[in-house]
Amino acid sequence: MATTARPETFYDVMRRQGVTRRSFLKFCGLTASALALGPEFIGTIAHAMETKPRTPVLWLHGLECTCCSESFIRSAHPLAKDVVLSMLSLDYDDTLMAAAGFQAEAMLEDTMQKYKGRYILAVEGNPPLNEDGMFCIVGGKPFVERLRYAAKDAAAVIAWGSCASNGCVQAARPNPTQATPIHKVITDKPIIKVPGCPPIAEVMTGVVTYMLAFDKIPELDAQGRPKMFYGQRIHDKCYRRSHFDAGQFVKQWDDEAARKGYCLYKVGCKGPTTYNACSTVRWNNGVSFPIQSGHGCIGCSEENFWDKGSFYDRVTGLNVFGVEANADKVGLVAAGAVSAGIAAHAAVSIAKKKDLEKETQE
C-alpha cells in the first residue's frame, strides 16, 4: 500500500545541515527572547519547528532602495541565514536569489500554484499608480499588476519598511508617480505592516518567525503594526529619558549638553511620538541606535513622516508628566521641584536645630 511522504519540516532541514539538537534548542531560546516571549514558549517554538512543513515566501520589490533587504540579511537573533535556509522557503526574491529571467519567473509561478492559499507574500517598496503603473516595470509588467497577481492566493502579506507600509519618500508631496502603500491596493488579505526606513533586522526576522511558529499573524495595533515591536514609544525606553525628565536638553549640535549625552528633544528628536523597538532591540546586533549615536529619531516608522516638517523641528505641545505640563515647561517643573525640595529640607533642618537648642537650654 502506497503511503504519502511526510512533508519536510524546519527541523529536518536544520538537521540535514548539521545543526545539533543543542544548537537547535539554543536557536529556539534566542527566537523566544527576540520575540519578547517567556521561557515557557521555547518548547512551543521547538514543537512547531519539528512538526510544521517549511512555509514558502515570495518577496517582491517595487519602488524602494533595497534598504529593507540590506537590514534583513544582517539579523543576528535569529540569523538571517537560519530564517532563509532553515525556517522558510524563500522561493522568490529577485535581490537574493541566484536565478534570473525565465527561470526566476518559473519559480514564482510554480510556488503560487503548488502552495495556493498557503504562501506568504512579502513586499518591499510600493506600486506607483500614475500612468497605469508605468513608473515601475518589473519583468516587463507594471509592478502593481505583479503585486495584485501574486497577492490573490497568498495567506497573508507582509509590508516591509515604510515604503510598503505608508509610502515613505516616494509618496511624499507632491507624489508625481502616485506611489501608494500596499494596503490601499491589496484590500482582501491580512497585511502586517513592518515600518521603518529600514525596519530593524531582528524585528523583520521576528515577525516571520512568529508567523511560522504559531501559524497566525501577530497581534497588531491600530495602524496594522505588530504590537510586540511597535507597542511602546522609543521615548519610553530611551536611556536619555532621565535627562528629558530633568529638563536637560541639547540646544545645538556639539554643545556642552550634547557632549554630556543630554536629551535630543529640542534639536528635533521624534522619539516621544514614535513607536518602535529601536531603544530596546537596537541595531547591528544590539550595538547602538540613532539616538545613542548622537542624532535624534526622525520618526521613520510613523505615517507620512516625510511630510511632517524638518527632521530638526521639535514636536510641540508634548505632554510629559501626565497631562499637566508640556516639554517647554519641563525644565521649569523640574527646577521648581528641586527648589521645593531644597526649601523643605532647609525648613526641616532649621526646625531640628531649634529643637536641639531648646533641649540644650533645658
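For the structure, see preceding data.
Within every chain, residues take consecutive numbers counted from 1 along the sequence as written. Whole-chain, interface and lining totals are the exception, using all residues; otherwise, since this is a predicted model, local features are given only for residues with pLDDT of at least 70 and side-chain atom pairs are given and counted only at 80 or more. Note that the side-chain values use all heavy atoms of the structure and ignore hydrogens as well as water.

Participant: Talk me through the packing of helix H6 (residues 101-114) against helix H7 (residues 143-151); I want residue IDs and the actual numbers.
Facilitator: Axis definition: a line fitted to C-alpha atoms, over the contacting stretch in the case of helices. Angles run 0 to 180 degrees between N-to-C directions. By the criteria applied, helices consist of DSSP H or I runs no shorter than four residues and strands consist of E runs no shorter than two, each listed in order from the N terminus. Two elements in contact, H6 and H7, have axes whose closest approach is 10 Å; the angle formed by their N-to-C orientations is 35 degrees. Along the contact surface, H6 presents Glu105, Leu108, Glu109 and Met112, while H7 presents Arg146, Tyr149 and Ala150. For the contact of H6 with H7, the residue count by class is four nonpolar, no polar and three charged. The contact criterion used is simple: two residues touch if any of their non-hydrogen atoms lie within 4.5 Å. Amino acid classes used here: Ala, Val, Leu, Ile, Met, Phe, Trp, Tyr, Cys and Pro are nonpolar; Asp, Glu, Lys and Arg are charged; the rest, including Gly, are polar.

Participant: Describe in detail the nonpolar core, supporting the description with residues and values.
Facilitator: For our purposes a nonpolar core is just a set of buried Ala, Val, Leu, Ile, Met, Phe, Trp, Tyr and Cys residues, chained together by side-chain atoms within 4.5 Å. Buried, partly exposed and exposed residues are distinguished by accessible area as a fraction of the type maximum, computed with a 1.4 Å probe on protein chains only: under 20%, between the cut-offs, and over 50%, respectively. The biggest cluster of nonpolar side chains holds 51 residues, and the ones touching the most others in it are Phe24, Ile158, Trp160, Val194 and Ile291. Take this core: its biggest share by element is nine residues, from helix H9 (residues 201-214). Those residues in contact with Ile291 that sit more than four places away from it in its chain are Ile234, Cys238, Tyr239, Arg240, Leu264, Cys269, Gly296 and Cys297. The next biggest cluster of nonpolar side chains, apart from the first, holds 27 residues, and it includes Met112, Cys136, Leu147 and Ala150.

Participant: Quick one: what's the story with the environment of Thr316, residue by residue and with numbers?
Facilitator: Mapped onto the elements of the fold, Thr316 is located in the loop between helix H12 (256-259) and helix H13 (330-361). Given the relative accessible area of 63%, Thr316 is considered exposed.

Participant: Tell me about the pairing of strand S3 (residues 120-124), residues and numbers included.
Facilitator: On a regular strand, each side chain points to the face opposite its neighbour's, so the side chains alternate between the two faces of the sheet. Across the five residues that make up S3, a large majority, five, are buried. Across the two faces of S3 the burial is the same, with Ile120, Ala122 and Glu124 and Leu121 and Val123 all buried. When DSSP finds two or more bridges between a pair of strands, those strands are recorded as paired. Relative to S3, strand S1 (residues 55-61) runs parallel, the two being bridged by five bridges. Paired with Val57 across the two strands is Ile120, which belongs to S3. Bridge count for S3 against strand S6 (residues 156-160) is five bridges, and the pairing is parallel. Within S6, the residue paired with Ala122 across the bridge is Ile158.

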